[in-house]
Amino acid sequence: KAGVTQTPRYLIKTRGQQVTLSCSPISGHRSVSWYQQTPGQGLQFLFEYFSETQRNKGNFPGRFSGRQFSNSRSEMNVSTLELGDSALYLCASSSAQPGTEAFFGQGTRLTVV
Amino acid sequence: GENVEQHPSTLSVQEGDSAVIKCTYSDSASNYFPWYKQELGKRPQLIIDIRSNVGEKKDQRIAVTLNKTAKHFSLHITETQPEDSAVYFCAATHTGTASKLTFGTGTRLQVTL
């Protein structure tokens, strides 16, 4: 069974640009969540999509957005990039059952210069 | 919202000793508590989890205990080995928002020979 796949693995962007990250969940998983990981703030929840609908949202500005497609693949977009957006962005997929394991992808390392 | 505190931030033990990491949570509605291990440069991986209807769970050298009254849960690793060296994260959620994990700030465990 293939794991969670995130692309690209690394990105370097300039302040003010926008970026789109992609996440393909484990086959059969309909929930995809996104997290931002930084040394100072740890792992912080961005949002979760389930069956193409945003089901939960964390405390991030509107520059962070996402979507999910009918095949459960998800994208995350960050507009007007700031230096502080430099982080490892992780997505996690899980089944529809509450309280089940979330499987993480390897992440996309975003550097904003 | 939920808040999870984790201690200690760093922990150094000798091979063969035990290691204990403690977390407290704030939302009494939380009922699912996973622990993740993240090795350097790798994705977080679930090592054990516990649900609120259980007080303790063991899996070989790893155990987790939960005290719902005090709202704290702990990870216990016995007979530590060098390959246990990693960052460990506790998390909490409730089944209504099961995919929205609130993480602790992490514990860097170093197992020395």
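Up top is the structure these notes are about.
Residues numbered from 1 in each chain as written. Chains lettered and ligands numbered in written order. Predicted model: local features only at pLDDT ≥ 70, side-chain atom pairs only at ≥ 80, totals over all residues. Heavy atoms only, no water.

Caption draft 1: Representation of the nonpolar core in the model. Within the largest apolar cluster, 24 residues are counted, with the highest numbers of intra-cluster contacts made by Trp 35, Phe 73, Leu 75, Tyr 88 and Leu 109 of chain B. Every element with two or more residues in this core is listed here: strand 2 (10-14), strand 3 (19-25), strand 4 (32-38), strand 5 (45-51), strand 7 (62-67), strand 8 (72-77), strand 9 (86-92) and strand 11 (107-112) of chain B. Not counting chain neighbours up to four residues away, the residues in contact with Leu 75 of chain B comprise Ala 19, Val 20, Ile 21, Trp 35, Ile 47, Ile 48, Ile 62, Ala 63 and Tyr 88 of chain B. Of all hydrophobic cores here, the second largest spans 21 residues; its members include Cys 23, Ile 26, Phe 47 and Leu 110 of chain A. (Core = buried A, V, L, I, M, F, W, Y, C linked by side-chain atoms within 4.5 Å. Buried < 20%, exposed > 50% of the residue type's maximum accessible area, 1.4 Å probe, protein only. Helix = DSSP H or I, 4+ residues; strand = E, 2+ residues; numbered from the N terminus. Contact = heavy atoms within 4.5 Å.)

Caption draft 2: Seen up close, the packing of aromatic side chains. Residue and element names in this part refer to chain B. In total, this model carries 13 aromatic pairs over all chains according to the counting rule given. Look at Phe 33 and Phe 73: their rings are 4.9 Å apart centre to centre, the planes differ by 50°, and that puts the pair in the tilted class. Placement of the pair is Phe 33 in strand 4 and Phe 73 in strand 8, with a sequence separation of 40 residues. Under the relative-accessibility criterion, Phe 33 is labelled buried at 0%. (Phe/Tyr/Trp six-rings, centres within 6.5 Å; stacked < 30°, edge-to-face > 60°.)

Caption draft 3: Region of the structure containing the pattern of salt bridges. Per the counting criterion, the structure on display carries 8 salt bridges over all chains. What emerges from the salt-bridge pattern is a single network uniting Arg 63, Glu 82 and Asp 85 of chain A. (Salt bridge = Lys/Arg side-chain N within 4 Å of Asp/Glu carboxyl O.)

Caption draft 4: Representation of unusual backbone geometry within the structure. Of the consecutive residues Thr 7 of chain A and Pro 8 of chain A, the connecting peptide bond is found in the cis state with omega at -10°. The topology assignment puts Pro 8 of chain A in the loop between strand 1 (5-7) and strand 2 (10-13). Residue His 7 of chain B is joined to Pro 8 of chain B through a cis peptide bond whose omega torsion reads -5°. By secondary structure assignment, the location of Pro 8 of chain B is in the loop between strand 1 (4-7) and strand 2. Even without being a glycine, Gln 60 of chain B presents a positive backbone phi close to 60°. Its place among the elements puts Gln 60 of chain B in the loop between strand 6 (56-59) and strand 7. The phi dihedral of Lys 71 of chain B falls on the positive side, at around 55°, and the residue is not glycine. Within the fold, Lys 71 of chain B resides in the loop between strand 7 and strand 8.

Caption draft 5: View of the state of the cysteines. Counted under the stated rule, the structure contains 2 disulfides over all chains. Put simply, Cys 23 of chain A and Cys 91 of chain A are joined by a disulfide, and their sulfur atoms are 1.9 Å apart. Judged by the sign of its S-S torsion, about 65°, the bond between Cys 23 of chain A and Cys 91 of chain A is right-handed. Of this pair, Cys 23 of chain A sits in strand 3 (residues 19-24) while Cys 91 of chain A sits in strand 9 (residues 87-94), placing them 68 residues apart in sequence. Assessed through its relative accessible area of 0%, Cys 23 of chain A is described here as buried. In this structure Cys 91 of chain A comes out as buried when scored by relative accessible area, which is 0%. Residue Cys 23 of chain B pairs covalently with Cys 90 of chain B via a disulfide, S to S 2.0 Å. Torsion about the S-S bond of the Cys 23 of chain B and Cys 90 of chain B cystine: about -100°, corresponding to left-handed handedness. Of this pair, Cys 23 of chain B sits in strand 3 while Cys 90 of chain B sits in strand 9, and the two are 67 residues apart along the sequence. (Disulfide = S-S within 2.5 Å.)

Caption draft 6: Region of interest: the sheet that holds strand 8 (residues 74-78) of chain A. Residues and elements named next belong to chain A. Read across the sheet, 4 strands follow the order 1-3-8-7 without closing on themselves; strand pairing throughout is antiparallel. Here the strands that pair on one side only, and so sit at the sheet edges, are strand 1 and strand 7 (64-68). Neighbour to neighbour, the strand axes of the sheet diverge by 20° on average, direction disregarded. Strand direction decides the pairing type here: strand 1 and strand 3, joined by 3 bridges, are antiparallel. The residue bridging Thr 7 from the neighbouring strand is Ser 22, located in strand 3. (Pairing = 2+ DSSP bridges. Axes fitted to C-alpha atoms, helices over the stretch in contact; angles between N-to-C directions.)

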